[in-house]
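# Understanding the architecture of this molecule
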Amino acid sequence: MTDLPLALVTGASRGIGAAVAHQLAPTHRLLLGGRDAEALGTLAKELPGAQPWPVELTNPASLAEAVAGIDSLDVLVHSAGVARLGRIEDASADAWRDNFEVNTLAVVELTRLLLPALRAARGHVVVINSGAGRTARPGWSPYAASKFAVRAFADALREEEPELRVTSVYPGRTDTEMQQEIFKGEGRDYDASHLLKADSVATAVVTAVSATPDAHLTELILKPN
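Residues numbered from 1 in each chain as written. Predicted model: local features only at pLDDT ≥ 70, side-chain atom pairs only at ≥ 80, totals over all residues. Heavy atoms only, no water.

### Looking at helix 6 (residues 177-186)
Regarding helix 6, the residues found buried are Q179, I182 and F183. In an axial view of helix 6, the angular spread of the buried residues amounts to 100°, which keeps them on one side of the axis. Projecting away from the buried face of helix 6 at angles above 90 degrees are the exposed residues E181, K184 and G185. Looking one or two residues past helix 6, G187 carries a phi angle of roughly 70°, positive in sign. (Buried < 20%, exposed > 50% of the residue type's maximum accessible area, 1.4 Å probe, protein only. Helix = DSSP H or I, 4+ residues; strand = E, 2+ residues; numbered from the N terminus. Arc of directions from axis to C-beta.)

Encoded structure:
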């Protein structure tokens, strides 16, 4: 196990993050990032070579302390996210701040802190974005803006750090607890049969991470079939 590459997955306690952790487990040692230490501990018991990495991503001091022992990192998957929706005329400043704090600024700061470790391993950064990071729809502006911003961050990182691979993944609507809350807010009945599966998104992540050294998958767009 100690010879396997190391991957850090944020948002690993559920949804897409948990699915990514499961699919990376056979080939990577894992740090399972998230707020829910109990859920992370339960998941770690299921995955050989995995250990919980509980942290508050929006607290820079906590992040700096958490990354202190990571000297080399092969894969960083940003899967943590929030979705506070609303129309521009109705969405509060807090809704905008929450989206940007988690979906953009936490990604930026964690990546910045881990750049020495990523450089040491010539590593790979994967940002789980969203269809909303490519098209802004009515009622989604605070969330979409944060995803457009993190798209720009990933593009800039790719240009500034040519020794790293940087992949943005844009899933359409995916069967997760977050999506259930979105449907509820939209006043719609939840029907998972028309959504992507979290495992399908995880497979796209693993495809990018396992690409041969000559290949750099910069963007992957997934839509429900």
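### Some words on the pairing of strand 5 (residues 124-128)
With five of its five residues buried, strand 5 lies for the most part within the structure. Because side chains alternate across strand 5, one face comprises the buried residues H124, V126 and I128, and the other comprises V125 and V127, equally buried. Where strand 4 (residues 75-78) meets strand 5, four bridges bridge the pair, whose relative direction is parallel. Considered in strand 5, the bridge of V75 is made with H124. (Pairing = 2+ DSSP bridges.)

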